[in-house]
Amino acid sequence: MTAPDLDLAGHDRSMTLGVFAENQLQQLGDVVGLAPSDTKAYASVLAESLGSAAQRPLNLPPPSRSFLSDDHTPIEFSLSCRPGETPSLRLLFEPGCAADNLVDNGRTGWRVLHTLAGRWGFGVRQLDLIEDLFLPTAPQGSLALWLAMELRPGGVPRLKVYLNPAASGAHTAGATVHEALRRLGYEQGLSALPSSDGYPFFALDLGDWAAPRAKVYLRHENLTAAGASRLSRMPDGPRPAVLEDFFRTVGGFGRAPSEESRADRLPALTCHSFTETATGLPSGFTLHMPVRAYVRHDGEAHERAVAVFEQQDIDVTPLTRALSAVTPRRLEDGAGLIAYLALAHEQGQAPRVTAYISSEAYTAHPTIPLRPTQAATSS
Ligand code: TRP
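## Digging into the packing of helix α4 (residues 125–134) against helix α5 (residues 173–183)
And then number 1: Close contact between α4 and α5 brings their axes to 9 Å; oriented N to C, the two are set at 165 degrees. In terms of their interaxial angle, α4 and α5 are classed as roughly antiparallel. In the crossing of α4 with α5, the sense of the turn from one axis to the other is right-handed. When α4 is examined against α5, the residues Leu129, Ile130, Asp132, Leu133 and Phe134 are found in contact with a partner set consisting of Thr176, Glu179, Ala180 and Arg183.
And then number 2: Broken down by class, the residue content of the contact of α4 with α5 amounts to five nonpolar, one polar and three charged.

In structure tokens:
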């Protein structure tokens, strides 16, 4: 008899991805005080949405080389936190991850999205307006469609869909974003944004949002602290010093001069969100830092998170608990458990810090990666 193939947590690797993720979700649900019945319902939605990928045992390779996470797990968690509030738990996943090609991947995603929207009665008119732009007949790039759920108490999530502006080629991504914004009523949207090195994602909110957003993500290669401080375009947005502090803290640049404080390993991203406003300017701004590329290990990433949470006057305990909820491994034994740290500003609300937490269903990335700048995926 051969010994079972066990992982760090003592799980048999013949366990399926769906069951593995459900266990992680249960633990994370506990951290944010979700009722176990709600968490269970969300885990079923996830398993149903991933289809055959959820049934796949972990001792097989990932269902595809998903760009969603470094080890190609088609699932990622995040904890979004505001001062004095219970953090909200979110789940990002790729419904089409088991498809053989990007066309089927996108079609599967689209079908799952409509099924979920139908179940909860969410309008999809906005989506249907832009379908042809993001799901062309011969799509390109590293994703077709991702979904995210904000796991609210009560079992009805808020839903977000992420699409690829470069689906018809990186050189037309700007035009695609412009056209999508135009169709959604934000004619001048694109011209309000700062210059960038590409358009990694376009996203829409679906469901019960106070103000559903259309979101444009921008990629910034070799961003400096001074550069980061100038990227918001929202009225009454974050002060430049706030963005600069966040950038320096997460990147581990300390007080070094701006030109030496350069995010040159993995690019920083910004997200500019549009809701109905008279100004035509974005009403939200988020700076996303891929902290995993700027640390030797997750112990360091956690320290950066502690500092950022302190700066924003947010209790970091839920994040600390969430990290040990998803994995029994020591933080020092890998880099990438915290994939990104993000600082979000929305009009009229206290700033929010979001930590993106990897599932690591397949592998934890070894320490001291300090990878060279990733070749631009869009050129
Ligand atoms: N893995 C991809 C990246 O690193 C996409 C991604 C996953 C992402 N989670 C994210 C991008 C959170 C920004 C923020 O870019």
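## Overview of the environment of Ser324
And then number 1: Its place among the elements puts Ser324 in helix α9 (residues 317–326).
And then number 2: Taking the C-alpha atoms as reference points, Ser324 and Arg255, separated by 69 residues in sequence, lie 31 Å from one another.

## Topic: the packing of helix α1 (residues 17–31) against helix α2 (residues 36–50)
And then number 1: With their axes 9 Å apart at the nearest point, α1 and α2 run at an angle of 150 degrees to one another. When the axes of α1 and α2 are compared, the pair comes out roughly antiparallel. The two elements α1 and α2 cross, and the hand of that crossing is right-handed. Listed contacts from α2 to Ala21, Glu22, Leu25, Gln26 and Gly29 of α1 are Pro36, Thr39, Lys40, Tyr42, Ala43 and Leu46.

## Considerations on the site of the ligand
And then number 1: Around the ligand, the structure places Phe67, Leu68, Glu76, Leu92, Trp146, Phe201, Leu269, His288, Arg292, Tyr340 and Tyr356.
And then number 2: Between the ligand and Leu68 there is a distance of 2.9 Å, counted from a nitrogen atom to a backbone nitrogen or oxygen.
And then number 3: In this structure, a nitrogen atom belonging to the ligand sits 2.7 Å away from a side-chain N or O atom of Glu76.
And then number 4: In the complex, 91% of the free accessible area of the ligand, which totals 350 Å², lies under the protein chains.
And then number 5: Looking at the shell around the ligand residue by residue, the classes come out as eight nonpolar, one polar and two charged.

## What about the packing of aromatic side chains?
And then number 1: Overall, the coordinates contain ten aromatic pairs when judged by the stated rule.
And then number 2: Centre to centre, the rings of Tyr186 and Phe274 are 5.5 Å apart; their planes meet at 35 degrees, and the pair counts as tilted. Here Phe274 lies in strand β9 (residues 268–274) and Tyr186 lies in the loop between α5 and β5 (202–206), a separation of 88 residues in the sequence. Judged on exposure class, the residue Tyr186 and its partner Phe274 are both buried.
And then number 3: With 6.3 Å between their ring centres and 80 degrees between their planes, Tyr340 and Tyr356 make a pair best called edge-to-face. In this pair, Tyr340 sits in strand β11 (residues 338–346) while Tyr356 sits in strand β12 (residues 352–358), placing the two residues 16 residues apart along the sequence. Of the two residues examined, Tyr340 and Tyr356, each falls in the buried class.

## Concerning the pattern of salt bridges
And then number 1: Under the defined criterion, the tally for this structure stands at 20 salt bridges.
And then number 2: A salt bridge links Arg183 to Asp132, with the nearest nitrogen and oxygen atoms 2.7 Å apart. Of the two residues, Arg183 is situated in helix α5 and Asp132 in helix α4; the sequence distance between them amounts to 51 residues.
And then number 3: Overall, Arg183 belongs to the partly exposed group, its relative accessible area being 27%.
And then number 4: Take Asp132: its relative accessible area is 47%, and that puts it in the partly exposed class.
And then number 5: Across the salt bridge formed by Arg152 and Asp208, the nearest N and O atoms sit 3.3 Å from each other. Of this pair, Arg152 sits in the loop between β3 (145–150) and β4 (158–163) while Asp208 is found in the loop between β5 and β6 (214–220), placing the two residues 56 residues apart along the sequence.
And then number 6: On the accessibility criterion, Asp208 (45% relative accessible area) is partly exposed.
And then number 7: One network of salt bridges, in which partners are shared, links Asp132, Glu179, Arg182 and Arg183.

What counts, and where the lines are drawn
Residues numbered from 1 in each chain as written. Predicted model: local features only at pLDDT ≥ 70, side-chain atom pairs only at ≥ 80, totals over all residues. Heavy atoms only, no water. Axes fitted to C-alpha atoms, helices over the stretch in contact; angles between N-to-C directions. Helix = DSSP H or I, 4+ residues; strand = E, 2+ residues; numbered from the N terminus. Parallel < 35°, antiparallel > 145°, perpendicular 65-115°, else oblique. Left-handed = near helix turned anticlockwise from the far one by under 90°. Contact = heavy atoms within 4.5 Å. Nonpolar A, V, L, I, M, F, W, Y, C, P; charged D, E, K, R; others polar. Near = heavy atom within 4 Å. Polar contact = N/O pair within 3.5 Å; in protein donor to acceptor, adjacent residues only side chain to side chain. Areas by Shrake-Rupley, 256 points an atom, 1.4 Å probe, with all protein chains shown as cover. Phe/Tyr/Trp six-rings, centres within 6.5 Å; stacked < 30°, edge-to-face > 60°. Buried < 20%, exposed > 50% of the residue type's maximum accessible area, 1.4 Å probe, protein only. Salt bridge = Lys/Arg side-chain N within 4 Å of Asp/Glu carboxyl O.

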